[in-house]
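One-letter residues, chain by chain:
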Amino acid sequence: MSETSTGAPDDVNAPLDDPRWTVQWADGPVPDQRRLRPLIGHSGPVRAVATATVDGRPVAVSGSRDNTVRVWDLATGEQLHEPVTGRTDPVSSMTAEVLSVATAVADGRPVAFSLHGDDAVLVWDLATGRAAGEFVRLVESAVLDGRRVLLTLGADGTLYVGDLLTGRRAAAFPSAAGLAMLDGRRVVLTVDDIDVDRTVRVWDLGTGEQLARSLAVVRTVALDGRVLAVTAGEPDQEERRLWDLATGEPVETPSAAAALSGGEDRPGVTTLTVVHGRAVAIGLDGEEPRFIGPLALARQNGTLVRTRARETAVLDGRTVALTTEADGTLRIWDLTDDRRRVNGMRVIDAVGASGTEPAFPPGPEQDGDLWRRLSGRGNGPSGSGPSGSGDPVLLTVEQDETVVVRDRATGKPVGPPLTGHTGKVWDVATAVVDGRPVAVTASADHTLRTWDLTHAQAQARTHAHAHAHAHGDGPARTGHTGTVSAITTAVLDGSPVVVTAAADRTLHVWDLTTGQPVTAPVTGLEGEVTAMVASVVDGRPVVVTAGSGDTLHLLDPVGGEHLGEPVTSHHGRVLALAGATLDGRPVVVTAGADRTAAIWDLATRRLVGEPLTGHTSRVTAVATAELAGRPVAVTGSWDKTVRLWDLTTGRQIGEPLTGHTDWVTSVATTLVDGRPVAVSRSRDKTVRLWDLATLRETGEPLTGHTDPNGPMVVTVGGARPALAIGQGQAVRFWDLATGREAGTEYALPLPAAALGAAPGGRLVVAFGPEVTVLRPAAG
């Protein structure tokens, strides 16, 4: 048994035939190969999702109960802009909840619409992430002083007067309550909701001037068959006045004093509004105002109903939507499905490869009624989407919180459900990413997930085959019951194997090719294994483990025995391990919390030479390689440096390698273009490559991985070396020869806990208690 090394083939610069990875075998449920990257960032249930294309890039727009709308680049999984929110109530300081989202192409630009809990529909420019307006309700079209105007009502109750010719806002009246004709002029009545007395005001629509203000009601009584109100005098008058609330006319007799002293009280009236000597409205405490007298009202009951209105309307026979923008412009969007209209708006649910046409024939749910698209979202809908073969499919959200891909023609499922969300799936949309049709699902588990819909039928066959391979006719296997924390690979009796250790304090050995167990599990491990390496000592296979303490343990993976007493390292805590051969003898190099590294002879279990000193903080990572025929070690530390050591002399080679701006968390070694390099990863969210012969950084730092604490490994098969990094519930790959991200990431149902490189360019991935071996699709 011997540990495999990360070497480089002769065709190291050959291009990857297919950068995808497929499952060779899995211990337990097979990860769904359709699962792509999760989109993580919302802090509340995600209720709605829609897709669009921005500058040629497919994007998803999501709305969540965390009150934010977010825009995601589906190719990278990154957010394009800062999250945006709806209005915040100035009294309660509560921000309106996002209920649903929809997307459209308007004037050739992609926009998104969000419906909020305060009934507002906001418009967002997807290219900039900025607000582009707010939908308003069309109340009526009218002529004021020879001008054609549109009267529109915002979600906050503001009545806008917009000039239809110029589109400019002529006037705005907050808290509008009713429209009327008064002395041949159009007027609007408003109610100051913030005021305790709910003051009613009357305004001339044409001039925007206030015609009246309310007077405080001293007393309301029933007297001589009439209901009378006594008001305080006008500001320039001292006497009180008496009003008939049935006609709105002033009453000269009896006197106000008589009304104050007699009659039966009629409580509830707090204010009375007088226009041109006539009472036209009464303010009722806690209620909408009552309109009285000869006032001719333009709306039923004199009020503008503020129930949730359809934000689309018919204007001159055309279906339109209206928005008011920050600069006061009133925009009219033509929703008629006529592509020849320059100022038209097309509502979209899915985006084709061109970014302009849906990838499937539009159905009745995709007509021009934007309000239907908004109000129908977020309640477990079904959506259409393209299949990889060009045949349209239907995506349905089922009661068991899964999404089923169905043949649109037959309605039958195509492949297994899309599972993985841990909460209710609220919405689903489709898009095309890098030429592949994908689905985007929104869930109450605070995430969105993306799914590859290419060749759904073939995917189903692949899934069934892989599942049978993992659970098929062979002998039953018992895997780990705790999270796998360490992986190494080796050769046992001439066959490559995978060795895994987990929080259940067991060690398992798996045949790399078949996934079958090679030996009985090794039990009784002392605590969690955080680092592990395999070797051969005196012809006997040995696994060396380190955990949360100061000791090294040597185990026989075949017989399940602990080989001798633990070796005390004096590091305080062993943080990393790497195997090597020194003068023909197997050794391990340890990295410790005491700021040193050390070399241990596995046969004698003794320290070789003095500790390797030089780091000024704990040494967190170590890897070994050969440089000019001599064994060397590469270490990384919290002191932000990478250092190279000659294992024969125990001395540091050259100066520390600097460039990282935070702790170094992982190191690895490999060959790139035939030259030995070290790969270092840091909490500064970069990966750097170092030429070990020149001790210089090569190329630009690799970025795009946001989790600096996930596992990292370099694997090499029949192509150039690939760097694999665990990023939460996904594994992402970089081509070290080009510095570019290689292929698609591999998504997992749980966070990647450990990675291991295996012969043939294969990759061992552990997530939770499960172990999966991936191989390049072309391999």
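Everything quoted here is computed from the prediction, not taken from an experiment.

Asks: Please provide a residue-by-residue account of the overall build of the chain, values included.
Replies: Each helix and strand in the chain was counted, giving three helices and 64 strands. When the 779 residues of the chain are sorted by exposure, 54% land in the buried category. A sequence separation of at least 24 residues applies to 47% of the contacts in the chain between residues at least 6 apart. By element, 48% of the accessible surface of the chain is carried by carbon and sulfur atoms, the whole surface being about 32300 Å².

Asks: Let's hear about the sheet that holds strand E7 (residues 84-85): which residues, and what values?
Replies: Backbone hydrogen bonds are what pair the strands of a sheet, in a parallel or an antiparallel way. Spatially, E4-E5-E6-E7 is the arrangement adopted by the four strands of the open sheet, whose pairing is antiparallel. In the strand order of this sheet, the two ends are held by strand E4 (46-54) and E7, each with one partner. Relative to strand E5 (residues 57-64), E4 runs antiparallel, the two being bridged by eight bridges. Bridge pairing in E5 links Val49 to Ser62.

Asks: Can you explain the side chain of Asp125? Please cite residues and give values.
Replies: With respect to the secondary-structure elements, Asp125 resides in strand E10 (residues 121-125). There is a polar contact of 2.9 Å between the side chain of Asp125 and the backbone nitrogen of Ala127. Each residue touching Asp125, except ones within four places of it in the same chain, is listed here: Arg109, Pro110, Arg130 and Ala132.

Asks: Talk me through the packing of aromatic side chains; I want residue IDs and the actual numbers.
Replies: Counted by the stated rule, this structure contains four aromatic pairs. Seen in terms of ring centroids, Phe113 and Phe135 are 5.2 Å apart; in terms of plane orientation they differ by 70°. Their pairing is edge-to-face. In this pair, Phe113 is assigned in strand E9 (residues 109-116) and Phe135 in strand E11 (residues 130-144), connecting sequence segments 22 residues apart. If you follow Lys424 out to its NZ or CZ, it ends over the ring of Trp426, 5.2 Å from the centre. When the ring centre of Trp638 is taken as reference, the NZ or CZ atom of Arg618 above it lies at 4.5 Å.

Asks: Please give an account of the confidence of the model for the chain that cites residues and values.
Replies: Averaged over the chain, the pLDDT score is 80; the fraction of residues at 70 or greater is 80%. Here strand E1 (residues 2-3) is the element of the chain with the lowest mean pLDDT, 36, and strand E51 (residues 642-646) is the one with the highest, 98. This model gives residues 1-18 a pLDDT under 50, and the stretch forms 49 contacts once residues within four places in sequence are excluded. This model gives residues 338-343 a pLDDT under 50, and the stretch forms nine contacts once residues within four places in sequence are excluded.

Asks: Explain unusual backbone geometry residue by residue, including any values.
Replies: The backbone of Asp55 sits at a positive phi, close to 50°, despite the residue not being glycine. Locating Asp55 in the fold gives a position in the loop between E4 and E5. For Asp55, a relative accessible area of 64% gives the class exposed. Phi is positive for Asp673, which is not a glycine, with a value near 55°.

Asks: Can you tell me about the sheet that holds strand E56 (residues 696-702), naming the residues and giving the values?
Replies: Sheet architecture is open: four strands sit in the order E53-E54-E55-E56, paired in antiparallel fashion. For this open sheet the edge positions go to strand E53 (664-672) and E56, each flanked by a neighbour on one side alone. Sheet twist, expressed as the average angle between the axes of neighbouring strands with direction ignored, equals 25°. Sheet topology places E53 next to strand E54 (residues 675-682); eight bridges connect them, and they run antiparallel. If you follow Val664 over to E54, its bridge partner there is Ser682.

Asks: So what's going on with the nonpolar core? Residues and values would help.
Replies: Core analysis: the largest hydrophobic core is formed by 18 residues, its most contacted members being Ala724, Val731, Phe733, Leu748, Leu755, Leu763 and Val765. Sorting the residues of this core by element identifies strand E2 (21-27), strand E59 (730-735), strand E62 (752-758) and strand E63 (762-767) as the ones contributing at least two each. Discounting residues that sit within four places of it in the chain, Leu763 has contacts with Trp21, Val713, Ala724, Val731, Phe733, Leu755, Gly756, Thr772, Val773 and Leu774.

Asks: Please set out the pattern of salt bridges residue by residue, giving values where relevant.
Replies: Enumeration according to the criterion identifies 22 salt bridges in this entry. Two residues, Asp118 and Arg87, come together in a salt bridge whose shortest N-O distance is 3.4 Å. Taken as a pair, Asp118 in the loop between E9 and E10 and Arg87 in the loop between E7 and strand E8 (98-106) lie far apart in primary sequence, 31 residues in all. On the basis of relative accessibility, which here comes to 27%, the residue Asp118 falls in the partly exposed class.

Asks: A description of the pairing of strand E38 (residues 484-492) should follow, citing residues and the corresponding values.
Replies: Of all nine residues in E38, eight are buried; the element is thus mostly enclosed. The pairing of E38 with strand E39 (residues 495-502) spans eight bridges and is classified as antiparallel. Each bridged residue has a counterpart across the sheet, and for Leu492 the counterpart in E39 is Ser495. In textbook terms, the turn of a hairpin is the stretch between consecutive antiparallel strands, and for E38 and E39 this stretch comprises two residues, one of which, Asp493, has a positive phi near 55°.

Asks: Describe the pairing of E51, listing the residues and the values that go with them.
Replies: For E51, a buried count of five out of five residues is recorded, marking the element as mostly surrounded by other parts of the structure. Residues Val642, Leu644 and Asp646 of E51 are buried on one face, and the alternating residues Arg643 and Trp645, pointing to the opposite face, are buried as well. The sheet contact formed by strand E50 (residues 630-637) and E51 spans five bridges and is antiparallel. Counterpart to Val634 in the pairing with E51 is Leu644. Counting the residues between successive antiparallel strands, the hairpin from E50 to E51 contains four residues, one of them, Lys640, with a positive phi of roughly 75°. As judged from the four bridges shared by E51 and strand E52 (residues 651-657), these two strands associate in the antiparallel manner. Looking across to E52, one finds that Trp645 is bridged to Gln652. Remark: four residues form the turn of the hairpin made by E51 and E52, two consecutive strands paired antiparallel; Gly650 in that turn has positive phi of roughly 75°.

Asks: For the environment of Asp504, give the residues involved together with the corresponding values.
Replies: If you trace the backbone, Asp504 turns up in the loop between E39 and strand E40 (507-511). Considered as a pair, Asp504 and Val484 are 20 residues apart in the sequence and their alpha carbons are 8.4 Å apart. With near-sequence residues (within four places) excluded, Asp504 lies in contact with His480, Thr481 and Gly482. There is a polar contact of 2.7 Å between the side chain of Asp504 and the side chain of Thr506.

Asks: Tell me about the environment of Ala598, and name the residues and values.
Replies: Within the secondary structure, Ala598 is located in strand E47 (residues 597-601). Along the chain, Ala598 and Glu610 lie 12 residues apart, while their C-alpha atoms are 7.3 Å from each other.

Scoring rules and cut-offs
- Residues numbered from 1 in each chain as written.
- Predicted model: local features only at pLDDT ≥ 70, side-chain atom pairs only at ≥ 80, totals over all residues.
- Heavy atoms only, no water.
- Helix = DSSP H or I, 4+ residues; strand = E, 2+ residues; numbered from the N terminus.
- Buried < 20%, exposed > 50% of the residue type's maximum accessible area, 1.4 Å probe, protein only.
- Contact = heavy atoms within 4.5 Å.
- Areas by Shrake-Rupley, 256 points an atom, 1.4 Å probe, with all protein chains shown as cover.
- Pairing = 2+ DSSP bridges.
- Polar contact = N/O pair within 3.5 Å; in protein donor to acceptor, adjacent residues only side chain to side chain.
- Phe/Tyr/Trp six-rings, centres within 6.5 Å; stacked < 30°, edge-to-face > 60°.
- Lys NZ or Arg CZ within 6 Å of the ring centre and 35° of its normal.
- pLDDT = per-residue confidence, 0-100.
- Axes fitted to C-alpha atoms, helices over the stretch in contact; angles between N-to-C directions.
- Core = buried A, V, L, I, M, F, W, Y, C linked by side-chain atoms within 4.5 Å.
- Salt bridge = Lys/Arg side-chain N within 4 Å of Asp/Glu carboxyl O.

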